[in-house]
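Each chain, written out:
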Amino acid sequence: MRANSLGSTLHLRGKLVTGVSTAVAITACHVLQGVCLALAIAAVLPPMQGGASDALSLSASPYPWLLALAGIVLLRGWLLWRAEIAAQATAQAVKQELRGQLLTHLLDLGPGVTLRRQTGDLQATIVGGVEAVESYYSRYLPAVRGAAIGCAVVLATLAVVDWRSAVLLGIFVVAFPLLDRFWMRWQMPTVSGVFAAMGAFGAELLDSLQGILTLKAFNASDAWRHRLAARASELRVESMRAITVTMMRTGITGLVTLAGIATVLSVNAWRVSSGDLLMTLFLAREAFRPLDRLEKEFHTAWAAGGARESIRALLALTPPVAEPSRPVPRPVSADIAFESVDFTYEGSNTLALSS
């Protein structure tokens, strides 16, 4: 499928770089917010007697850190706005490119494509399929790369304060995507049918609406109603199975996040000063924020996986009659005669036309 190489085009690569850079900058703002807030609180806490000295105790007044915090919050708000603009620009570029490919290919296939694919199936591929793929490029890919870089930034910042905490937290940060990937690879075969069921139901429903007069004329409404009910029941079963798997996945990733934060705080409660403990508290949460965003964008990658198959299948279709490389000029006048012409619909062994 040509959509697989879509991200390699120059204009789209630039938009992806912009999205990833903005995501990393947002993560950096979250880190700076945590640092400023920890230092502001540490400035008003009494020093520990006989305890370790704070690694980043730079000011006895909280007001400079609170002013810096306000500025960082404003900057983060502006970056969030820019990130949404970058995502929308990427989405529009992907849709324009991919729908141009699909529509051009449909024109090459000609009207006979409706005999090989249901009209509803074609509509679902061109509309819903493209929407799923554009979300993959505009939302999921920036989230993946932003999570990798953002987590490294947070752990590096925490290492400045306490390298032992950074190593301990890093174990849970790495475990988050590994457990997530293991769970989905284990459960994906059981939930992969939801997209096929959704496409089948949509195609049947559109065909019934388009052919409602024919169904009434041949008294086939009841039979078609039962057929639609069966498709809807299949879609319900597959959807509930998918919801069960994804909800359990959310619980697993949430457990890893809370376990990582709790473990780091429990270990550090007795071995670091109050200021460093606050720093560890805020930075430990920020280490999982890019992964939380990636977890929320997972459904876009999942939907794109099913959509890519339908798009690939459509682009793989070939015209039943190939255009000649050197067309013969049309004569001024000519007679048309049919001799020994047979025609059979695809998938049938019965002759529809024989002369």
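Given the structure is predicted, the values throughout are model-derived calculations rather than measurements.

With reference to specific residues and values, describe the overall build of the protein.
Helix and strand counts for the protein stand at 9 helices and 2 strands. Counting helices and strands in the order they occur from the N terminus, the protein gives α-α-α-α-α-α-α-α-α-β-β. Counting over 355 residues, the protein shows a buried share of 38%. For the protein, the proportion of contacts with a sequence separation of at least 24, taken over those separated by at least 6, is 83%. When the accessible surface of the protein is totalled, it reaches about 20,600 Å², and 65% of it is carbon and sulfur.

Please provide a residue-by-residue account of the environment of Ala 166, values included.
Relative to the elements of secondary structure, Ala 166 occurs in helix H4 (residues 163-191). Using a relative accessible area of 10% as the deciding quantity, one classes Ala 166 as buried. Sequence separation between Ala 166 and Ala 284 is 118 residues, and the spatial gap between their C-alpha atoms is 8.6 Å. Discounting residues that sit within four places of it in the chain, Ala 166 has contacts with Leu 155, Leu 158 and Ala 159.

Can you tell me about unusual backbone geometry, naming the residues and giving the values?
Apart from glycine, the bulk of residues carry a negative phi angle, and the bulk of peptide bonds sit in the trans form. A positive phi is found at Asn 219, a non-glycine position, where the angle reads about 55°. Note that Asn 219 resides in the loop between helix H6 (212-217) and helix H7 (221-268). Note on Asn 219: relative accessible area 70%, which makes it exposed.

So what's going on with the side chain of Glu 295? Which residues, and what values?
When you line up the elements, Glu 295 lands in helix H8 (residues 274-296). Other than its neighbours up to four places away in sequence, Glu 295 contacts Phe 176, Arg 249, Thr 250 and Thr 253.

Give me a nonpolar patch on the surface: which residues, what numbers.
Together, Leu 75, Trp 78, Trp 81 and Ile 85 make up an exposed nonpolar region whose accessible area comes to about 440 Å². In this fold, Trp 78 is placed in helix H2 (residues 63-109). The exposure class assigned to Trp 78 is partly exposed, which follows from its relative accessible area of 47%.

Run through the pattern of salt bridges, naming residues and quoting values.
Two side chains bearing opposite charge may form a pair once their charged atoms approach each other closely. In the structure shown here, the tally under the stated rule is 7 salt bridges. A salt bridge links Lys 95 to Glu 131; the nearest nitrogen and oxygen atoms lie 3.7 Å apart. One end of the pair, Lys 95, is in helix H2; the other, Glu 131, is in helix H3 (residues 119-161), with 36 residues separating them in the sequence. By relative accessible area, Glu 131 is classed as partly exposed at 30%. With its nearest N and O atoms 3.1 Å apart, the salt bridge here joins Arg 241 to Glu 238. Residue Arg 241 and its partner Glu 238 are located together in helix H7, separated by 3 residues, close to a single helical turn. A relative accessible area of 34% places Arg 241 in the partly exposed class. Residue classification places Glu 238 among the buried residues on the basis of a relative accessible area of 16%.

So what's going on with the packing of aromatic side chains? Residues and values would help.
How two aromatic rings sit relative to each other is set out by the distance from centre to centre and by the angle between their planes. In this structure the tally under the stated criterion is 3 aromatic pairs. Seen from their ring centres, Tyr 136 and Tyr 137 are 5.3 Å apart, and the 85° between their planes marks the pair as edge-to-face. By relative accessible area, which is 19% here, Tyr 136 ends up buried. Relative accessible area serves as the criterion here: at 7%, Tyr 137 is assigned to the buried category. Relative to Tyr 140, the ring of Tyr 136 has its centre 5.6 Å away and its plane inclined at 25°; by these criteria the two rings are stacked.

What counts, and at which threshold
- Residues numbered from 1 in each chain as written.
- Predicted model: local features only at pLDDT ≥ 70, side-chain atom pairs only at ≥ 80, totals over all residues.
- Heavy atoms only, no water.
- Helix = DSSP H or I, 4+ residues; strand = E, 2+ residues; numbered from the N terminus.
- Buried < 20%, exposed > 50% of the residue type's maximum accessible area, 1.4 Å probe, protein only.
- Contact = heavy atoms within 4.5 Å.
- Areas by Shrake-Rupley, 256 points an atom, 1.4 Å probe, with all protein chains shown as cover.
- Patch = residues over 30% accessible without salt bridge, like charges linked within 9 Å, V, L, I, M, F, W, Y side chains within 5 Å.
- Salt bridge = Lys/Arg side-chain N within 4 Å of Asp/Glu carboxyl O.
- Phe/Tyr/Trp six-rings, centres within 6.5 Å; stacked < 30°, edge-to-face > 60°.

Read these as geometric descriptors, not functional statements.
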